[in-house]
Amino acid sequence: ATTMEVVSVTAMEQESTKKKRRSAGAVPRWSAKEEEELRALVNVHGERSWQVIAQQLGTGRTPSALDQHWSIMMGKRGRSG
């Protein structure tokens, strides 16, 4: 195999193992109740304990999703879409 063939195979392997993003339709919008619970948990645990807050919220949202939504709620980040 030539070097070019080896590079091509490696690139194809990497592409096939890349994480695919979920479609926007798979994640439900935030409800007012969910935002209220998020606000209460952030008041207890602070703005950096997203792992703990995600577990206690129990909605299946990731710590990263909580952090991003909190930033939107606080006006530090704009909504996309």
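Structure: above.
Position numbers for residues count from 1 along each chain, tracking the sequence in the order it is written. Given that this is a predicted model, residues contribute local features only at a pLDDT of at least 70 and side-chain atom pairs are listed and counted only at 80 or more, while totals for whole chains, interfaces and linings are drawn from all residues. Only heavy atoms go into the side-chain values, all of them from the structure, while hydrogens and water stay out.

(A) Focus on the pattern of salt bridges. Here a salt bridge means any side-chain nitrogen of Lys or Arg lying within 4 Å of a carboxyl oxygen belonging to Asp or Glu. With the rule as written, the count across this model stands at three salt bridges. Between arginine 61 and glutamate 34 there is a salt bridge, and its shortest N-O distance comes to 2.7 Å. Placement of arginine 61 in the loop between α3 (50-57) and α4 (63-73) and of glutamate 34 in helix α2 (residues 32-45) is noted, with a sequence separation of 27 residues between them. The two residues arginine 61 and glutamate 34 agree in class, both being buried. With its nearest N and O atoms 3.1 Å apart, the salt bridge here joins glutamate 47 to lysine 76. Remark: lysine 76 occurs in the segment after α4 and glutamate 47 occurs in the loop between α2 and α3; sequence separation between them is 29 residues. Summary of the burial criterion: residues with accessible area below 20% of their type's maximum are buried, those above 50% are exposed, and those between are partly exposed, where the area comes from a 1.4 Å probe applied to protein chains only. Here glutamate 47 falls in the partly exposed class, since its relative accessible area comes to 35%. Looking at lysine 76, the relative accessible area reads 57%, which means it is exposed. Helix and strand assignments come from DSSP, with helices taken as H or I runs of at least 4 residues and strands as E runs of at least 2, each series counted from the N terminus.

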